[in-house]
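Tertiary structure, described
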Amino acid sequence: MSQVTGTDAGILPGAGASLDVVEGKKRPPRKGVRQRRITPYLFLLIPLAFLLVFTYVPAVNLFWYSITDWDGIDLSKNVIGLQNYIDIFTKPEFLRVFVVSLYYIVASFLQMGFALYFATVLSFSTRFRNLFKGILFFPTLLNGVAIGLMFLYFFQPNGTLDSVLKIVGLQQLTVQWLGNPDIVNISLASTSIWRYTGLSFILFLGAIQSIPATLYEAADLDGANKFQQFRFIIIPGIKRIISLSFILAISGSLSVFEIPFIITGGTNGSTTFVIKTIQQAFTYRQVGLASAMAVVLLIIVLIVTYIQRKLVPDEEVNLT
Amino acid sequence: MTTITRRPASRERTADPRRSRQGRAGMLGGTVSKYVILTVASAVTLLPLIVLVITAFKTKTEYATTGPLQLPQNWFNFDNFATAFTDGNMAVGFANTTIVLVVSLVGTILIGSMTAYAVDRFDFRFKKVVIGLFLVATLVPSVTTQVATFQIVNGLGLYDTLLSLIALNLGTDIISIYIFVQFMQSIPKDVDEAAMLDGANKFTIYWRVILPLLKPAIATVVIIKGIAIYNEFYQPFLYAPSPENAVISTALFAFKGPYGSQWEIISAGALLVIIPTLIIFLVLQRFIYNGFTQGATK
């Protein structure tokens, strides 16, 4: 640090020869140039160290572990080639987790649909608009464990859901919401909708509100109805955010962890890809296999992102 | 922000009465169904939360004998909260969460703003490489790499420490760097040059000029990152499993075991975790909406 303050003036000449003249001082320019050259690296030293150690090194290791049979403890790792990958795509217990993901993908489309409806409706003047907006958004902010426990109770036999069904006279619909393997993923995916609709909603609403009002006025003059305004003004206006939500939906559906882990722990056929990965790594000590699963997930996410970028080019890459 | 953009929308709405009668009748039906749908959606959203509140105030026998939708007899029965807070390890959880939150936020602000400053205000040889590293990192979902991250954390001797959580919060956060870079681009370079003429060096400029000007970006980062850290479950669960290192998420998760079916206590615990969030939301609503809209789209 003291070295840094010592260079106070030393950096100045590098900023431009004219400064020397302005200040009427003379300094050895070479030192200044060198200082200036390393200054950005001094600022980047810590951020880059963190980035490399906690993002890149694990990512690279992941690929290396994935071709071994490592158990996470042994000092030596045996290379077994692509065997882990073959297991993932042939053994039914692994294929099953991809099926579970489908529930969440369907749920995330429903979620986007709901969010789009609420965002459109609330972008026009509505009574209690801020109240509705606040209520719909609030679940986004909540702690996942609190949500998980809340819905564990919600779905209990004779819990909240069963009681509500009784009140409205639909008790014959009551099933084992979490105990029935055919239903459990629907229950969990619905919880996911409850949790994340607010986030999509607020993103869509923000995008809709940034559409210039003159467009609506012009459309009104031309006699366009509400649906036409939605179809031809709102949808094109928020295309970018919809496509972004689309990737988030797919990669999110594959990496679902908290809700099912907290509510069911992956029992009754509700194990998701990430729960399975974590179990393989930390319960069954098959770090090699778990790494291969992580690599598969990583590659799927990268492919989806790539496709999205190709289909809807990002206009705002301003990290230059 | 919202009022400006909302006003044109309402002006657009007032143009409706000029429409044909048929259109107006359809509009009325549309309006009614709109409110019905919004009310139902709000009820669905609030129902689990309301039941949580109801249950948290019930006594043990009351819980056993009443249905979930029946109101508690005594709204001043805070016993469950006391049990959750003291016996349920939540006091430790809140203390640890606060430590992790404060240190991670300060670190994130420094790291994010330093990176943004270096990238936006300097030209250097490996600039493209550095930007590329940060860009590509956004594509790597951190949930996928935990298997390997675990080995790193373990190797550094950070396993089962709060430090591991702080380090991971700092090392895997790219969104705040984006927010800082974006905001920095809107600060004119004249500001730096003026300070330089006054004899300030690059570090003084960063610390005395740029960092204070970044206040709005810092506010956004504190809000979205703060909420994310407060709610973090995955990392504490993996990296800080001991009860003395519990954060609120893991402390609450531990309720599943010993309190099994004592839902009145679990509800009280969950409510204790939710209340700070609710307060923050009510106080900072506008900033939170803006923060999320900015943070998630980058």
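Residues numbered from 1 in each chain as written. Chains lettered and ligands numbered in written order. Predicted model: local features only at pLDDT ≥ 70, side-chain atom pairs only at ≥ 80, totals over all residues.

**Comments concerning the overall build of chain A**
Filter applied, for reference: Going along the chain from the N terminus, every DSSP run of H or I of four or more residues is numbered as a helix, and every run of E of two or more is numbered as a strand. With C-beta atoms placed from the backbone, a contact is any residue pair whose C-beta atoms sit within 7 Å.
Helix and strand counts for chain A come out as 16 helices and 0 strands. Considering only intrachain contacts with a sequence separation of at least 6, the fraction spanning at least 24 residues in chain A is 65%.

**Thoughts on the overall build of chain B**
Definition in use: Note on burial: count the other C-beta atoms lying within 10 Å of the residue's C-beta; 20 or more is buried, 12 or fewer is exposed, in between is partly exposed, and C-beta positions come from the backbone.
A count of helical and extended segments in chain B gives 15 helices and 0 strands. Looking at the 298 residues of chain B, the share that counts as buried comes to 41%. A separation threshold of at least 6 residues defines the contact pool for chain B, and within that pool the share at least 24 residues apart is 75%.

**Description of the interface of chain A and chain B**
Going by this rule: Residues are grouped as follows: nonpolar covers Ala, Val, Leu, Ile, Met, Phe, Trp, Tyr, Cys and Pro; charged covers Asp, Glu, Lys and Arg; every other residue, Gly included, is treated as polar.
Taken together, the contact pairs 83 residues of chain A with 80 residues of chain B. Its residues assigned to classes, the side of chain A that touches chain B comprises 57 nonpolar, 21 polar and 5 charged.

**Brief notes about the UniProt feature "domain: ABC transmembrane type-1" (unreviewed entry) in chain A**
How we decide: UniProt positions are given in the numbering used here, feature names are shortened, and annotations may be inferred rather than shown by experiment.
Summarizing the sequence annotation, UniProt attributes the feature "domain: ABC transmembrane type-1" (unreviewed entry) to residues 97–308 of chain A in the numbering used throughout. As annotated, residues 97–308 of chain A comprises 74% helix and 0% strand, and the C-alpha atoms at either end are separated by 24 Å.

**Focus: the packing of helix α13 (residues 239–254) of chain A against helix α16 (residues 287–311) of chain A**
All names here are of chain A. We apply this condition: Orientation is described by axes fitted as lines to C-alpha atoms, over the contacting stretch for helices, and by angles from 0 to 180 degrees between their N-to-C directions. Here roughly perpendicular refers to angles of 65 to 115 degrees, roughly parallel to angles under 35, roughly antiparallel to angles over 145, and oblique to all remaining angles.
It is at 10 Å that the axes of α13 and α16 come closest, and there the two elements cross at 170 degrees. In terms of orientation, α13 and α16 fall into the roughly antiparallel class. The residues of α16 that touch α13, namely those facing Ser243, Phe246, Ile247, Ile250, Ser251 and Leu254, are Leu297, Ile300, Val301, Val304, Thr305, Gln308 and Leu311. Residues belonging to the contact of α13 with α16 are distributed by class as follows: 9 nonpolar, 4 polar and no charged.

**Some points on the UniProt feature "transmembrane region" (unreviewed entry) in chain B**
UniProt records the feature "transmembrane region" (unreviewed entry) at residues 35–57, 99–119, 131–153, 165–184, 205–230 and 265–284 of chain B, using the numbering of this structure. Taken end to end, residues 165–184 of chain B comprises 85% helix and 0% strand; its first and last C-alpha atoms sit 28 Å apart.

**Examining the UniProt feature "transmembrane region" (unreviewed entry) in chain A**
All names here are of chain A. Under the local residue numbering, the UniProt record ascribes the feature "transmembrane region" (unreviewed entry) to residues 41–67, 102–124, 136–155, 198–219, 240–263 and 283–307. Helix makes up 65% of residues 136–155 and strand 0%. Its end C-alpha atoms lie 21 Å apart. Along residues 240–263 the backbone is 88% helical and 0% strand, and the end-to-end C-alpha distance reaches 34 Å.

**Quick notes on helix α11 (residues 202–213) of chain B**
Residues and elements named next belong to chain B. This is how it is decided: Directions drawn from the helix axis to the C-beta atoms are what define this arc.
Three or more residues of α11 are buried, namely Lys202, Ile205, Tyr206 and Ile210. The arc that holds the buried residues of α11, viewed along the axis, is 95 degrees, so those residues lie on one side. Seen from the buried face of α11, the exposed residues on the opposite side, beyond 90 degrees, are Arg208 and Pro212.

**Examining the UniProt feature "domain: ABC transmembrane type-1" (unreviewed entry) in chain B**
With numbering aligned to this structure, UniProt lists the feature "domain: ABC transmembrane type-1" (unreviewed entry) at residues 94–284 of chain B. The distance from the first to the last C-alpha atom of residues 94–284 of chain B is 21 Å, and the span holds 77% helix and 0% strand.

**Regarding the nonpolar core**
Our working rule: In plain words, the nonpolar core is the set of buried Ala, Val, Leu, Ile, Met, Phe, Trp, Tyr and Cys residues that C-beta atoms within 7 Å link up.
Counting residues in hydrophobic clusters, the biggest one holds 160 residues, and the most contacted among them are Ala146(A), Leu149(A), Phe204(A), Leu252(B) and Ala270(B). Take this core: its biggest share by element is 13 residues, from helix α10 (residues 184–209) of chain A. Ignoring sequence-local partners within four residues, the contact set of Ala270(B) consists of Ala146(A), Leu149(A), Met150(A), Leu52(B) and Leu252(B).

**A short note on the confidence of the model for chain A**
Under the convention used in this document: pLDDT expresses how confident the predictor is about each individual residue, on a scale running from 0 to 100.
Residues with a pLDDT of 70 or more make up 86% of chain A, whose mean pLDDT is 83. Every residue in residues 316–320 of chain A scores below 50 in pLDDT, and together they form 5 contacts with partners more than four places removed in sequence or on other chains.

**Regarding the domain arrangement of chain B**
Many authors give the size of an interface as the accessible area that is lost as the parts come together. Residues and elements named next belong to chain B. Put simply, the rule reads: Residue ranges assigned to each domain were obtained from an automatic or database domain assignment.
Splitting chain B by domain gives domain 1 (20–77) and domain 2 (89–297). Its C-alpha centre places domain 1 at a distance of 34 Å from the equivalent point of domain 2. Mapped by element, the contributors of at least two residues to the side of domain 1 that touches domain 2 are α2 (21–56) and α3 (60–65). The element that contributes the greatest number of residues to the side of domain 1 that touches domain 2 is α2, accounting for 4 residues.

**With respect to the packing of helix α15 (residues 273–283) of chain A against α16(A)**
Residues and elements named next belong to chain A. Heads up, the condition is: Put simply, a crossing is left-handed when the front helix is turned counterclockwise from the back one by less than a right angle, and right-handed when it is turned clockwise.
Closest axis-to-axis distance for the α15/α16 pair is 7 Å, and the angle between their directions is 155 degrees. Considering the angle they form, α15 stands roughly antiparallel to α16. Here α15 and α16 pass one another in a crossing that is left-handed. For the pair α15 and α16, contact is made by Phe273, Lys276, Thr277, Gln280 and Ala281 and by Val287, Leu289, Ala290, Met293, Ala294 and Leu297, respectively.

**Quick look at the environment of Tyr63(B)**
All names here are of chain B. Within the secondary structure, Tyr63 is located in helix α3. Taking the C-alpha atoms as reference points, Tyr63 and Trp263, separated by 200 residues in sequence, lie 7.9 Å from one another. Excluding its chain neighbours within four sequence positions, the residues that come into contact with Tyr63 are Thr55, Lys58, Trp263 and Glu264.

**Section: the environment of Gln182(B)**
You can see Gln182(B) is positioned in helix α9 (residues 175–185). Taking the C-alpha atoms as reference points, Gln182(B) and Gly67(B), 115 residues apart in sequence, are found 52 Å from one another.

**A closer look at unusual backbone geometry**
Residues and elements named next belong to chain A. In the Ramachandran plot, Asn158 falls in the positive-phi region, its phi being about 65 degrees despite a non-glycine side chain. Even without being a glycine, Asn268 presents a positive backbone phi close to 55 degrees. Within the secondary structure, Asn268 is located in the loop between α14 (258–263) and α15.

**Quick look at the confidence of the model for chain B**
All names here are of chain B. Per-chain confidence: chain B averages 85 in pLDDT, with 89% of residues scoring 70 or above. Contacts for the low-pLDDT stretch residues 1–22, under 50 throughout, to residues beyond four places or in other chains number 19 contacts. If you check the scores for this complex, the pTM reads 0.85 and the ipTM reads 0.86.

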